[in-house]
Amino acid sequence: MAEYNHLIFEVSRPGRVGYSLPKSDVESVNLEDKFPKHLIRDEAAGLPEVAELDLVRHYTALSNKNHGIDNGFYPLGSCTMKYNPKVNEVVARLAGFSRIHPYQPTETVQGALELMYNLQEELAVITGMDAVTLQPSAGAQGEWTGLMMVRAYHEQKGETRKKVLVPDSAHGTNPASASVAGYKTVTIPSNENGLVDLEELKKHVDKDTAALMLTNPNTLGLFEKEITEIAAVVHEAGGLLYYDGANSNAILGKTTPGDMGFDVVHLNLHKTFTGPHGGGGPGSGPVGVKEVLLPYLPVPRVEKDGDKFLLNSNYPLSIGRVKGYYGNFGINVRAYSYIRTMGPVGLREVSEGAVLHANYLRKRLDPYFESPYPQICKHEFVLSGSRQKKLGVRTLDMAKRLLDFGYHPPTIYFPLNVEECLMIEPTETESKETMDAFADVMIQIAKEVEENPGVVLDAPHTTIIGRLDEVQAARQPIVRYIKEKEEEQVKDGVKA
Ligand SMILES: *Cc1c(COP(=O)(O)O)cnc(C)c1O
């Protein structure tokens, strides 16, 4: 395709501009009067000089290279790539939500504050918590916010607990957040059914345990049936329970982290609550807390006084502000639109659909792949590529082969406790036909591994770029387009 030719990729031409303005009749300012000298450039920034149409085509071409939920099936386990309803976009673009400024006086943005207040209330009901902050801008930041509150809680009692317990199936952000919050993580091994080993847990829970971080259903898509016993063990030792609610697609309207005994939870509005994601943000990771943690919630808190909404920072024990302004407001508007569109019954049906779809796909694929945990799953399930590995084909190869059929591969090699793992989450918004077509392709690939493994080992065949050197890409990323660099690569044969 011509647009990928490197000569055409470089569309900059000296002096070409994408706008035209009348000559300024305002006297130009002397930069040195306005800025310190060291902040002023000696040379022009070297930005591309392009016409508007070339710019539009450049970005459109880039966007066409992306796979998103609007292009096709995206069964990325633990990421809940569900349909992003377009009505949410209409609501988020209403001027009263999109054309306001965070520094406006609160009397002039009552509607926005009302939406935030109502969303907090809805999320508190959904999670079974007493209050919610909308500030954190991602799941991982929610985890860190929650743990900082846990820390403040123990410190307020005069205790310095040092350990956070995390099961081996946990999402990688859990130990990372614990570490950023100043804790040492202790890994709790799962039992042969993929669940928390209660006896192992008891061995590790003590007076030094600040919290246990858990998700339920866990990252294998399995429900921790002993959750109330688990909660009791941690609480008896004075620790708190943190719920990773990034993917709540199996529990909406069925149960809540609050009912299970958790004290603090984050949600990913960009997963369960249909915020568009996958492109690196923006996200929203609200945190809900039980009464014990109320004093530590970030400020300002959005509150209601009579029929007025206000921002209250008067909480001396608060951990402070965790995000500029009040969270990623646009994503919060979309989530609120979704929750109100669905209603309580609709949200419960979401979970029923998500669990049904995951089990349907699991059953269809079960004869062709190893199932390390063959029991009924919740919203997602794991398979192992160990059978195919014996024939010389790895899960990575099968994932690459899926690209030839226009599918985004499932999550692979995660969770870490499953060999050659494939983690599949179809979500409730896919049709039976879509899931069947995907299953047919997975089955075809399993047959190819037996009959014609080369076609899988050499995949992908239909994408613009074949297999990337992922090590090189991670170690020496070139994140900025530099014309000379590209010419050098073409000359060295790195790039066609
Ligand atoms: C996605 C995810 C996270 C992290 O959320 P981000 O918004 O990417 O920071 C945490 N836990 C689980 C289980 C997740 O799936």
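Let us look at the structure shown here. For every chain, the first residue of the written sequence is number 1, and numbering continues from 1 onward in sequence order. With pLDDT at 70 or above as the cut-off, local features in this predicted model cover only qualifying residues; side-chain atom pairs require 80 or more to be listed or tallied, and sums for whole chains, interfaces and linings still use all residues. Heavy atoms throughout the structure, all of them, feed into the side-chain values; hydrogens and water do not.

Points about the pairing of strand β3 (residues 184-188)
Only strands that DSSP links by at least two bridges are regarded as paired with each other. Each helix corresponds to a stretch of at least 4 residues labelled H or I by DSSP, and each strand to a stretch of at least 2 residues labelled E; elements are numbered beginning at the N terminus. Direction of pairing for strand β2 (residues 163-167) relative to β3: parallel, over a ladder of five bridges. Each bridged residue has a counterpart across the sheet, and for Val164 the counterpart in β3 is Thr185. With the strands pointing away from the viewer, any crossover whose connection runs clockwise from the first strand over the helix to the second is right-handed. Handedness of the crossover is the feature at issue here: the chain leaves β2, passes through helix α8 (residues 173-180), returns alongside β3, and the resulting connection is right-handed.

Regarding the site of the ligand
Here a residue is considered near a molecule or strand provided that any single heavy atom belonging to it is located within 4 Å of it. Inspection of the region around the ligand gives 13 residues, with Ser78, Gly139, Asp244, His270 and Lys271 positioned closest. Polar contact criterion, stated in full: a pair of N or O atoms within 3.5 Å, where within protein one must be able to donate a hydrogen and the other to accept it, and residues adjacent in sequence count only if both atoms are side-chain atoms. Measuring from an oxygen atom of the ligand, one finds a backbone N or O atom of Gly139 at 2.8 Å. Between Asp244 and the ligand, the recorded distance is 2.6 Å, taken from a side-chain N or O atom to a nitrogen atom. Working definition of accessibility: Shrake-Rupley area with a 1.4 Å probe, residue cover restricted to the visible protein chains. Contact with the protein chains covers 86% of the free accessible surface of the ligand, which is 380 Å². Ranked by residues supplied to the shell around the ligand, first place goes to helix α7 (residues 139-156) with three residues. Of the residues that constitute the shell around the ligand, the class distribution is three nonpolar, seven polar and three charged. Side-chain classes are defined by residue name, with Ala, Val, Leu, Ile, Met, Phe, Trp, Tyr, Cys and Pro counting as nonpolar, Asp, Glu, Lys and Arg as charged, and the others, Gly among them, as polar.

Regarding a nonpolar patch on the surface
Residues qualify for a patch when their relative accessible area is over 30% and they have no salt bridge, like charges being joined within 9 Å and the nonpolar side chains of Val, Leu, Ile, Met, Phe, Trp and Tyr within 5 Å. Here, a salt bridge means any Lys or Arg side-chain nitrogen found within 4 Å of an Asp or Glu carboxyl oxygen. Side chains of Val29, Leu31, Phe35 and Leu39 sit close together on the surface and give an oily, nonpolar patch of about 410 Å² of accessible area. With respect to the helices and strands, the residue Leu31 is situated in helix α2 (residues 31-34). When a residue's accessible area, from a 1.4 Å probe over protein chains only, is under 20% of the maximum for its type it is buried; when over 50% it is exposed; and in between it is partly exposed. Assessed through its relative accessible area of 42%, Leu31 is described here as partly exposed.

Quick notes on the sheet that holds strand β4 (residues 209-214)
If you trace the seven strands from one edge of the open sheet to the other, you get β1-β7-β6-β5-β4-β2-β3, paired in mixed fashion. Whereas interior strands pair on both sides, the edge strands pair on one side only; in this sheet they are β1 (131-133) and β3. Recorded for the sheet is a direction-independent mean angle of 25 degrees between the axes of neighbouring strands. The axes used here are C-alpha line fits, helices contributing only the stretch in contact, and every angle between their N-to-C directions lies in the interval 0 to 180 degrees.

Points about helix α10 (residues 227-236)
For α10, the complete set of buried residues consists of Ile227, Ile230, Ala231, Val233 and Val234. Taken down its axis, α10 places every buried residue within 160 degrees of arc, on the same side. Turning to α10, the residues buried within the fold contact α9 (198-204), β4, β5 (240-245) and α11 (257-260). Two residues or fewer past α10, Gly238 is found with a positive phi of approximately 85 degrees. Taking the helix axis as origin, the arc is that swept by the directions to the C-beta atoms. In this description, contact between two residues means that some pair of their heavy atoms is separated by no more than 4.5 Å.

Overview of the pattern of salt bridges
This structure, assessed with the given rule, holds 22 salt bridges. The salt bridge involving Lys203 is made with Glu200; its shortest N-O contact spans 2.9 Å. Of the two residues, Lys203 and Glu200 both sit in helix α9, three residues apart, roughly one turn of that helix. Its relative accessible area of 63% is what places Lys203 among the exposed residues. Two residues, Glu352 and Arg348, come together in a salt bridge whose shortest N-O distance is 4.0 Å. You can see Glu352 and its partner Arg348 sitting in helix α12 (residues 329-365), four residues apart, about one turn around the helix. Judged by relative accessible area, Glu352 falls into the partly exposed class, the value being 35%. By relative accessible area, which is 37% here, Arg348 ends up partly exposed.

Quick word on the sheet that holds strand β10 (residues 381-384)
The strand order across the open sheet built from three strands is β10-β12-β11, with neighbouring strands paired in antiparallel fashion. Both edges of this open sheet fall to β10 and β11 (411-412), since each of them pairs with a single strand only. Two elements, β11 and strand β12 (residues 421-424), share two bridges in a ladder whose sense is antiparallel. In the strand pairing of β12, Thr411 is matched with Met423.

Overview of unusual backbone geometry
A cis amide bond, omega -5 degrees, links Val299 with the succeeding residue Pro300. Of note, Pro300 is situated in the loop between β7 (287-289) and β8 (301-305). The backbone of Tyr325 sits at a positive phi, close to 55 degrees, despite the residue not being glycine. Counting through the fold element by element, Tyr325 comes out in the loop between β9 (308-312) and α12. Its identity as a non-glycine residue notwithstanding, Tyr413 has a phi of 60 degrees, on the positive side. Within the fold, Tyr413 resides in the loop between β11 and β12.

Quick notes on the packing of aromatic side chains
Any Phe, Tyr or Trp ring, taking Trp's six-membered ring, that has another such ring centre within 6.5 Å forms a pair; planes under 30 degrees apart are called stacked, those over 60 apart edge-to-face, and the others tilted. Taken as a whole, this structure holds eight aromatic pairs when the rule is applied. Ring centres 6.4 Å apart and planes at 75 degrees place the aromatic pair Phe273 and Tyr338 in the edge-to-face group. Of this pair, Phe273 sits in the loop between β6 (264-267) and β7 while Tyr338 is found in helix α12, placing the two residues 65 residues apart along the sequence. What makes Phe273 buried here is its relative accessible area of 0%. Among the aromatic residues, those joined into a cluster by ring pairs are Phe73, Tyr407 and Phe438.

Interpretation in functional terms is not warranted from these geometric data alone.
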